[in-house]
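One letter stands for each residue in the lines below.
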Amino acid sequence: MNNKLLLLIMLVATLQVTAQKTEINTVVDAWHKAAADADFDAYFGLMTKDGVFIGTDAAENWQNKDFKAFSKPYFDKGKAWSFTALERNVYVDKSKKIAWFDELLDTQMEICRGSGILKKVKGEWKIAHYVLSIAIPNEDVDKVVALKKEKDIQLKKELKQN
């Protein structure tokens, strides 16, 4: 194979990955915007039917149906949540059917971290799994642990009983 053909193949592959990452960024940004605009249908339309949302509270491991039920009153009031990406890293598997990302977000809770998995569903990227966590500076971890200790002890007891 001559060098020009090899270079062309590499260039096409790079452009394809870049286009995939742009599509994914567009989907995740639109998903966050739909929440900020309290657009319930657009928000959940960008998730898979079996999507999962894991929130900041230890008890928030929402399957799609339950997350919809939890979220609906917020969307109905016209005020869901507002997350804006400060930075995002996107990765795509070789099959180009699965992608994952991590992001730092500007939110009403100050800086948070989100991470998620997207799947190609009928040619469109959909969010299949999302995890939101509050970013805590290392020097403040002891204070946060002290604040949540009682509730965590109770939750651990409940979880161990199940």
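Before reading further, recall that the structure is shown in the block above.
Residues numbered from 1 in each chain as written. Predicted model: local features only at pLDDT ≥ 70, side-chain atom pairs only at ≥ 80, totals over all residues. Heavy atoms only, no water.

A. Structural detail: the overall build of the chain. On a plain count of helices and strands, the chain comes out with four helices and six strands. From first element to last, N terminus to C terminus, the chain shows the α and β order α-α-β-β-α-β-β-β-β-α. Against the globule reference of 15 Å for 162 residues, the chain gives a C-alpha radius of gyration of 19 Å, more extended than a compact globule. Oriented by its inertia axes, the alpha-carbon framework of the chain measures out at about 65 × 40 × 30 Å. Counting the 162 residues in the chain, one finds 29% classified as buried. When contacts within the chain are restricted to residue pairs at least 6 apart in sequence, long-range pairs at least 24 apart make up 46% of them. Of the roughly 11000 Å² of accessible surface on the chain, 57% is carried by carbon and sulfur atoms. (Helix = DSSP H or I, 4+ residues; strand = E, 2+ residues; numbered from the N terminus. Rg over C-alpha atoms; globule rule 2.2 N^0.38 Å. Buried < 20%, exposed > 50% of the residue type's maximum accessible area, 1.4 Å probe, protein only. Contact = heavy atoms within 4.5 Å. Areas by Shrake-Rupley, 256 points an atom, 1.4 Å probe, with all protein chains shown as cover.)

B. Fine view of the environment of A80. Examined against the element boundaries, A80 turns out to sit in the loop between α3 (64-76) and β3 (84-92). With relative accessibility at 17%, the residue A80 sits in the buried group. C-alpha of A80 to C-alpha of A38: the two residues are 42 residues apart in sequence and 5.4 Å apart in space. With sequence-adjacent residues up to four places away left out, A80 is seen in contact with A35, A38, Y74 and F75.

C. Quick peek at the pattern of salt bridges. Scanning the entire structure with this criterion turns up eight salt bridges. As a salt-bridge pair, K126 and E124 come within 3.8 Å of each other at their nearest N and O atoms. Notably, a salt bridge pairs D140 with K143, separated by 3.3 Å at the nearest N-O pair. K143 sits in the exposed class, given a relative accessible area of 55%. Within the structure, one salt-bridge network assembled from shared partners comprises D29, R88 and E103. (Salt bridge = Lys/Arg side-chain N within 4 Å of Asp/Glu carboxyl O.)

D. Spatial organisation of the packing of aromatic side chains. For the structure on display, the rule yields 21 aromatic pairs. When the centroid spacing of 5.0 Å and the interplanar angle of 75° are considered together, the rings of Y43 and F44 count as edge-to-face. By relative accessible area, Y43 is classed as buried at 0%. When its relative accessible area of 7% is taken as the criterion, F44 is described as buried. (Phe/Tyr/Trp six-rings, centres within 6.5 Å; stacked < 30°, edge-to-face > 60°.)

E. Structural view of the sheet that holds strand β5 (residues 110-121). The six strands lie next to each other as β2-β1-β6-β5-β4-β3, forming an open sheet whose pairing is mixed. Of all the strands in the sheet, just β2 (61-63) and β3 have a single pairing partner and so form its edges. Neighbour-to-neighbour, the strand axes of this sheet turn through a mean angle of 15°, independent of strand direction. Of the strand pairs in this sheet, strand β1 (residues 47-54) and β2 are connected by three bridges, and their pairing is antiparallel. (Pairing = 2+ DSSP bridges. Axes fitted to C-alpha atoms, helices over the stretch in contact; angles between N-to-C directions.)

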